[in-house]
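Structural overview for review
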Amino acid sequence: MAENKKQNSVKETAQNAMRENKPKAQGRQFVLWFGALILGGILGWMGIHWLNELFNFVATVFTRLFQFIAIPTIALAVITTLAALGNNKETGRIFCHAVFYTLLTTICAAAIGLCLYLWISPSNLPMDLLASGQSAVPMDNFKSLSYYDHILSVIPNNVLQPFVSGNVLSVMLIAAAVGLALAFMPRTKAREQLLGVIQGLQELAFTLIRALLFILPVGIVAFAGQLSAQIEAGVIVGALGKYTLVVLGGNAIQIFIILPLILLLRGLNPFVVFRKMAPALAVALFTKSSAGTLPVTLACSEENLKVNPKVSRFVLPICTTINMNGCAAFILVTSLFVMQNAGFELSLGTMITWLFIAVIAAVGNAGVPMGCYFLTLSLMSSIGAPIGLMGVILPIYTIIDMIETAENVWSDSAVCAMTDHDLKGQLDDSDVPSTL
């Protein structure tokens, strides 16, 4: 009896020591990643050719690694979570909170973009500039799809194609169907064996994520160096003046004012949430893909923010697909700017209508690089607006895409944190998935 008490005491002491050391380790990790960001920026600005080539290579490798692990992580997280939650009321609670906060933050982002557009009032561009921009539009990567075609493209006609093509919406649909099927299957030995294999694959994916996080400082140096070299070489320019100010200003207000304010109103400290999710925001900034950043977002939410895995593994994959704050603002502002230059009448009713079109379009956009650009291009093409302006915007879209993606992941993090906060103590912890 005394021996058992002694063992329990030693175990509790070890657990307390681990809890005390965890914040220190997280602090050192944050400093390391921030230092890597500064180092990469300085080295990239020096303009050393062979070093910039190395940065490009390493950044490409890391981007491909994140893309490699992202799609399986999305599928496995949704399947295992729905398999545990699908047959009770917890699924509905989590989903309702996630959708409510998603729509709230996305509508706020679009509304801020509209208000800034009306206040700053970007003027029309010269016709010769619009004509020259026509040739710059990347039509090889673009095809105009109707909403009917877009919906059909989401419905998979085989199991492998969505995973091979990286169609996030199709993967989510397959994962949700499999997860719910597992939830409602009879509790047979075959079901338990199948679920065990899927959970094993998920643990394998999370082990790979931990390995990526361990070497991530190298990737951050490369990403920062690559961006710094592009800026120094004049690749990223802000020649469109007021339009650029509207887009980037709206992103800044959403990131630094609106989202922190919403977190405060829900009883959360935005500075703490931001600091603990900072690694995911840094990866989002450089990869320009919220889907590709998902593995890091999941790791930060569970390890740093201590979100219930039931919440994080259900909310974050969904938010990666539907919670596009930056995309909604970009679609709205860019669409209004293109229509204004094309001579369309922009009444207040038209602008408000396009606000909701932008929100709905953003919800269905895939979290991949340049997704918002091609979605806006498709919308403008469908209404017969001249798309030459999209070619003029293209040179500055790199920096816009980076900031938008970071904003999207910051919003995903906020939605996840608020959902977890709202449901604290209301979820059954008996079958909580293991943390990363």
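Read on for a plain summary of the structure. (Residues numbered from 1 in each chain as written. Predicted model: local features only at pLDDT ≥ 70, side-chain atom pairs only at ≥ 80, totals over all residues. Heavy atoms only, no water.)

**Concerning the overall build of the protein**
Within the protein one finds 16 helices and 0 strands. Taking all 436 residues of the protein together, 50% fall into the buried category. Sequence separation of at least 24 residues holds for 84% of the intrachain contacts in the protein that already meet a minimum separation of 6. Accessible area for the protein stands at about 20100 Å²; split by element, carbon and sulfur atoms hold 68% of it. (Helix = DSSP H or I, 4+ residues; strand = E, 2+ residues; numbered from the N terminus. Buried < 20%, exposed > 50% of the residue type's maximum accessible area, 1.4 Å probe, protein only. Contact = heavy atoms within 4.5 Å. Areas by Shrake-Rupley, 256 points an atom, 1.4 Å probe, with all protein chains shown as cover.)

**Regarding a nonpolar patch on the surface**
Residues Leu103, Ile107, Leu118, Leu348, Ile352, Phe356 and Ile360 make up a contiguous nonpolar surface patch of roughly 640 Å² in combined accessible area. Every element with two or more residues in the nonpolar patch is listed here: α3 (89–120) and α14 (348–363). When residues of the nonpolar patch are assigned to their parent elements, the largest contribution, 4 residues, is made by α14. With respect to the secondary-structure elements, Ile360 resides in helix α14. (Patch = residues over 30% accessible without salt bridge, like charges linked within 9 Å, V, L, I, M, F, W, Y side chains within 5 Å. Salt bridge = Lys/Arg side-chain N within 4 Å of Asp/Glu carboxyl O.)

**Quick look at the packing of helix α10 (residues 270–287) against helix α11 (residues 290–304)**
Relative orientation and spacing of two packed helices are given, respectively, by the angle between their axes and the distance between those axes. Two elements in contact, α10 and α11, have axes separated by 8 Å at closest approach and are oriented at 170°. Between α10 and α11, the angle is such that the two are roughly antiparallel. Facing Lys276, Met277, Pro279, Ala280, Val283, Ala284 and Thr287 of α10, the residues of α11 in contact are Thr293, Val296, Thr297, Cys300, Ser301 and Asn304. Across the contact of α10 with α11, the residue classes break down as 7 nonpolar, 5 polar and 1 charged. (Axes fitted to C-alpha atoms, helices over the stretch in contact; angles between N-to-C directions. Parallel < 35°, antiparallel > 145°, perpendicular 65-115°, else oblique. Nonpolar A, V, L, I, M, F, W, Y, C, P; charged D, E, K, R; others polar.)

**Description of the state of the cysteines**
Scanning the model with the defined rule gives 1 disulfide in all. In this model Cys327 forms its disulfide with Cys372; the gap between the sulfur atoms is 2.2 Å. In this pair, Cys327 sits in helix α13 (residues 325–341) while Cys372 sits in helix α15 (residues 371–382), placing the two residues 45 residues apart along the sequence. Accessibility expressed as a relative area gives 0% for Cys327, which makes it buried. Taking relative accessible area as the criterion, Cys372 reaches 6% and is therefore assigned buried. (Disulfide = S-S within 2.5 Å.)

**Here we look at the side chain of Ser335**
Summarising the element assignment, Ser335 is placed in helix α13. The contact partners of Ser335, leaving out residues within four places of it in the chain, are Phe330, Trp354, Thr376 and Met380.

**Observations concerning the packing of α3 against helix α12 (residues 309–322)**
In the contact formed by α3 and α12, the axes pass within 10 Å of each other and the chain directions differ by 40°. On the basis of the axis angle, α3 is oblique to α12. As α3 packs across α12, the resulting crossing turns out to be right-handed. Contacts between α3 and α12 pair Glu90, Thr91, Ile94, Phe95, Ala98 and Thr102 from the former with Lys310, Val311, Phe314, Val315, Ile318, Cys319 and Ile322 from the latter. For the contact of α3 with α12, a count of residues per class yields 9 nonpolar, 2 polar and 2 charged. (Left-handed = near helix turned anticlockwise from the far one by under 90°.)

**Topic: the packing of aromatic side chains**
Going through the model one piece at a time under the given rule, you end up with 8 aromatic pairs. Aromatic pair Tyr373 and Tyr397: ring centres 5.3 Å apart, planes at 55°, arrangement tilted. With a gap of 24 residues between them, Tyr373 in helix α15 and Tyr397 in helix α16 (residues 388–422) connect regions that are remote in the sequence. Comparing Tyr373 with Tyr397, the two get one shared label, buried. In textbook terms, an aromatic cluster arises when at least three aromatic residues are bridged by ring pairs, as seen for Phe330, Tyr373 and Tyr397. (Phe/Tyr/Trp six-rings, centres within 6.5 Å; stacked < 30°, edge-to-face > 60°.)

**Some points on the pattern of salt bridges**
Charged atoms that come close allow side chains of opposite charge to pair. A full pass over the atoms with the stated rule returns 4 salt bridges. The partner of Arg313 in a salt bridge is Glu302, with the nearest N and O atoms 2.8 Å apart. With a gap of 11 residues between them, Arg313 in helix α12 and Glu302 in helix α11 connect regions that are remote in the sequence. Look at Arg313 and you get buried, because its relative accessible area is 0%. What makes Glu302 buried here is its relative accessible area of 4%.

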